[in-house]
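# Tertiary structure, described
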2 protein chains.
Amino acid sequence: MTIDPGTIPSRKPGEDAEDGEGARRDGPVLLSEVAARAGVSLATASRVLSGRRSVGEPYRGRVLAAARDLRYTPNAQAQAVARGASNVVGLLIHDVLDPYFSSIASGVMRHVEERDLVVFLASTHSDPDRELEYVATMRSHRARGLIICGSRTTDRLHTERLVKELEGFRAAGGRAAVISQNRLGTHAVVPQNRAGARRLARELCRLGHRQFAVLAGPVHVLASRDRVTGFREGLADEGCDPEGVTVLHGRFTREGGEQLASELVAAGLRATCVFAVNDVMALGALSALRREGVRVPDDVSLAGFDDITTLRDVVPALTTVRLPLEEMGARAAQLALDSDPASPPRAVKVHADVVLRESTRPLV
Amino acid sequence: MTIDPGTIPSRKPGEDAEDGEGARRDGPVLLSEVAARAGVSLATASRVLSGRRSVGEPYRGRVLAAARDLRYTPNAQAQAVARGASNVVGLLIHDVLDPYFSSIASGVMRHVEERDLVVFLASTHSDPDRELEYVATMRSHRARGLIICGSRTTDRLHTERLVKELEGFRAAGGRAAVISQNRLGTHAVVPQNRAGARRLARELCRLGHRQFAVLAGPVHVLASRDRVTGFREGLADEGCDPEGVTVLHGRFTREGGEQLASELVAAGLRATCVFAVNDVMALGALSALRREGVRVPDDVSLAGFDDITTLRDVVPALTTVRLPLEEMGARAAQLALDSDPASPPRAVKVHADVVLRESTRPLV
DNA sequence: GCGTGTTCGGCAAGCACTTTCCAGGACGGG
DNA sequence: CCCGTCCTGGAAAGTGCTTGCCGAACACGC
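Residues numbered from 1 in each chain as written. Chains lettered and ligands numbered in written order. Predicted model: local features only at pLDDT ≥ 70, side-chain atom pairs only at ≥ 80, totals over all residues.

Per an unreviewed UniProt entry, chain A goes by the name Transcriptional regulator, LacI family and belongs to Geodermatophilus obscurus.

### Quick word on the interface of chain B and chain A
How we decide: Throughout, a pair of residues is in contact if the C-beta atoms placed from their backbones lie within 7 Å. Classification used: nonpolar for Ala, Val, Leu, Ile, Met, Phe, Trp, Tyr, Cys and Pro, charged for Asp, Glu, Lys and Arg, polar for all others including Gly. Should DSSP find at least two bridges between two strands, the strands are taken to pair. The numbering of helices and of strands both runs from the N terminus, where a helix is a DSSP run of H or I of at least 4 residues and a strand a run of E of at least 2.
Between chain B and chain A, the contact holds 58 residues from the first and 58 residues from the second. Residue composition of the side of chain B that touches chain A, by class: 28 nonpolar, 23 polar and 7 charged. Examined bridge by bridge, strand 2 (residues 118–123) of chain A and strand 2 (residues 118–123) of chain B share 3 bridges and lie antiparallel to one another. Bridging from a neighbouring strand, L121 of chain A pairs with V119 of chain B of strand 2 of chain B.

### A word on the sheet that holds strand 1 (residues 88–93) of chain B
Where strands meet in a sheet, backbone hydrogen bonds hold them as pairs that are either parallel or antiparallel. Rules: Axis lines are fitted through C-alpha atoms, for helices just across the contact stretch, and the angle between N-to-C directions can take any value from 0 to 180 degrees.
Read from one edge of the open sheet, 12 strands run 11(A)-5(A)-4(A)-3(A)-1(A)-2(A)-2(B)-1(B)-3(B)-4(B)-5(B)-11(B), paired in mixed fashion. Sheet topology places strand 11 (347–350) of chain A together with strand 11 (347–350) of chain B at the edges, where each strand pairs with a single neighbour. Along the sheet, successive strands turn relative to each other by an average axial angle of 20 degrees, direction set aside. Contacts from helix 12 (residues 325–338) of chain B reach strand 1, strand 3 (145–149), strand 4 (175–179), strand 5 (187–191) and strand 11 of chain B, with the element oriented near 155 degrees to strand 4 of chain B.

### What to know about the UniProt feature "domain: HTH lacI-type" (unreviewed entry) in chain A
Here is the rule we go by: UniProt positions are given in the numbering used here, feature names are shortened, and annotations may be inferred rather than shown by experiment.
Mapped onto the present numbering, the UniProt feature "domain: HTH lacI-type" (unreviewed entry) falls on residues 29–83 of chain A. End-to-end, the C-alpha atoms of residues 29–83 of chain A are 20 Å apart, and along that stretch the chain is 71% helix and 0% strand.

### Things to note about the protein's contact with DNA strand C
Heads up, the rule is: The criterion for a residue being near a molecule or strand is a backbone-placed C-beta atom within 6 Å of that molecule or strand.
With respect to spatial proximity, 27 residues lie near DNA strand C, and among them L31, S46 and A82 of chain A together with A43 and G56 of chain B are the closest. At the level of secondary structure, the elements contributing two or more residues to the surface near DNA strand C comprise helix 2 (42–50) and helix 4 (76–83) of chain A together with helix 2 (42–50) and helix 4 (76–83) of chain B. Residues of the surface near DNA strand C, tallied by class, amount to 15 nonpolar, 9 polar and 3 charged.

### Let's talk about the relation of the copies chain B and chain A
What relates the two chain copies is a rotation about an axis together with a slide along it. Heads up, the rule is: Only residues with pLDDT of at least 70 in both copies contribute their C-alpha atoms to the least-squares superposition of the copies.
After a rotation of 180 degrees and a shift along the axis of 0.0 Å, chain B superposes on chain A with an RMSD of 0.1 Å. Look at the turn and shift together and you get a two-fold axis relating the two. Of the residues that chain B buries at the interface, 100% are likewise interface residues in chain A, meaning the two copies contact each other through the same surface.

### Quick notes on the domain arrangement of chain A
By a widely used convention, the size of an interface equals the accessible area lost when the partners come together. All names here are of chain A. What counts is decided by this rule: What fixes the domain bounds is an automatic or database domain assignment.
For chain A, the domain assignment lists domain 1 (21–74), domain 2 (84–191 + 326–350) and domain 3 (193–323). The C-alpha-based centres of domain 2 and domain 3 are spaced at 29 Å. Each partner contributes residues to the interface: domain 2 has 14 residues there, and domain 3 has 14 residues. Considering every element that reaches the side of domain 2 that touches domain 3, the biggest residue donor is helix 5 (residues 99–113), with 3 residues.

### Remarks on helix 8 (residues 193–206) of chain A
Residue and element names in this part refer to chain A. What counts here: Under the convention used throughout, the expected extent of a helix is 1.5 Å for every residue step, that is, one less than its residue count. With C-beta atoms placed from the backbone, a residue is labelled by how many other C-beta atoms lie within 10 Å of its own: buried for 20 or more, exposed for 12 or fewer, partly exposed between the two.
Helix length check: helix 8, at 14 residues, gives a terminal C-alpha distance of 20 Å against a target of 20 Å (1.5 Å per residue), a fit within 8%. Among the residues of helix 8, N193, R194, G196, A197, R198, R199, L200, A201 and L204 are the ones counted as buried. On its buried face, helix 8 sits against strand 5 (187–191), helix 9 (222–237), strand 8 (273–276), strand 9 (301–303), strand 10 (320–322) and strand 12 (353–355). Of the residues flanking the end of helix 8, it is G208, one or two places downstream, whose phi is positive at about 105 degrees.

See the structure below:
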């Protein structure tokens, strides 16, 4: 071990004296110490460092020098309390490991990093109670902004609670934005799930497919519902019987996709094309199909939704509906942080484009 | 739009009166209001809510009721200031989109969520200056703990600065832990990069390979160096000439892997086996090789390092060296948060196991 | 019945900052 | 030359919460 202050009984006194007098005392350096060293009042020191009022040159220089020498870092919490405004932004996702959410997170962070704010990240693991709890946490930290992605439930009670919690959040001075279908009385980035799935269905029909199976998420998940609905609409557009599709519901995860695909095969796969309502489920399905000896796209075509980055490494390349996830995150951050606090909630629709790749092929 | 407080001029007075009197005033609910409503002093209200001293029953109940009615949420920042200790934990990674880091983040968050702490996430995008800056930010927020993953440089100057910054962080009362080879005077979770790569090389030799190419990261990246070194050692162990391997340096990313693999092919691929020093590079290489018409593993074997989750969906399944990323994150969090503040820096070594899969095959 | 604890409200002094307000000096115009 | 204005430093009053200390009230043992 190179450095081990825990076992060194005491530092040699003058050892780091010429070293600009780094932190030698216990605890953080306080503004009052900076002020004392510069021979000015606390107020002046504060003003120099926050730059919120001009300070005469002799003082200004001395304060800056003192702060540098002492390696002063302001206490952000105290600043937030005194100013009545913090610089933290909350970000609520379901799971960091899910590429859908990490892409969104990346977009949010990109936006936030440019503004010298800081991100509180919390993952709900799809638990509505945790979601509520975390909104409260963010309020408690007086977050300036809050981005919630994919509160994806149709549960009436939970939605009400969440709206109420968000009102509380707003009352505490924060601005929220949601990435989801159900705008909760706040700004919202709403992906065109239904329209995208509809377009996808049409494309698949044009490839000659007539027998479809859909691997969907839990019934109460709004995004899943919308995608199924849109898909059916697209089938109808092309004169395909929308009621003829098998829809299986499972978890909105890779494991969910795996399991549903297995069930599908076990039940005797009749469809020529499988639509998994999101990409992680599609990946699970792909893996299960492979395991079952069903070839994609030779035996069955497969399509997903979202266009997560992982798809780039998959063989066959998956047909999907592209959502600009990072942009969505950045946009949500923008809505929450840059919009006029008094402005009414805005909804930004996000176009979802079909990307045909190798996993779907024309039926001859 | 269902709810639009921005355009409603004023709420009807008694409208949500029976509603437990939600937040109707401007700004957050203060403790003083709770105390007033309960008819007790500020001190008593504080004590009831923080539970740090017993309070007699008549008061206790009234305070709790008042807090509930008013939907009181304590101001975490003010609490932190008053208590002199915050409940935030900083997490520094390079990039959320990289599965290596998101896995670690997941582990950290799992650990942190159980303790009712909150995570500040910052991504450095591999920029040393940002890294320093964010450590300062965390110090400024008086984070109780800080986890830095993969400060992966051998740059002397930067290391010194970082150590100093971390000392400042510690002086401000925080505890840090690092996931990396260079423990910076703090607790460290150190993956066995060298030993893992060495074992890998041995396995590959045993498969009959003799001609190797290594796709490495930038020369100053410690993890990359160690893995190359270990790999060479493994070759030597098996009587293979360690100097005979081609080592190409590029970026530590997917794009880096793609580019290096292309170069390799362009230069006339002579190796029978390619080792990419991490999995994302291996994925890039796989993609480039495919594009160039080089089959894996038929024309060349390919191995990576880390065992990121994305590998599960790749064909052929990649041989790699497994690192328990989530556990590493959790462990780092534990070191930073649960260890005795006075204890000397501990280093926890993490075993790295070879996982042979389809991308490497025996040379007959 | 009295000393000795123990329990528990409330006052007020923090915590580390910001910002308002005041006052003194400089400056300029009439 | 005087008054109004501008500039700027400092004292002090905030910001929302915690907590040390005091003392009242009550219980207990003898």
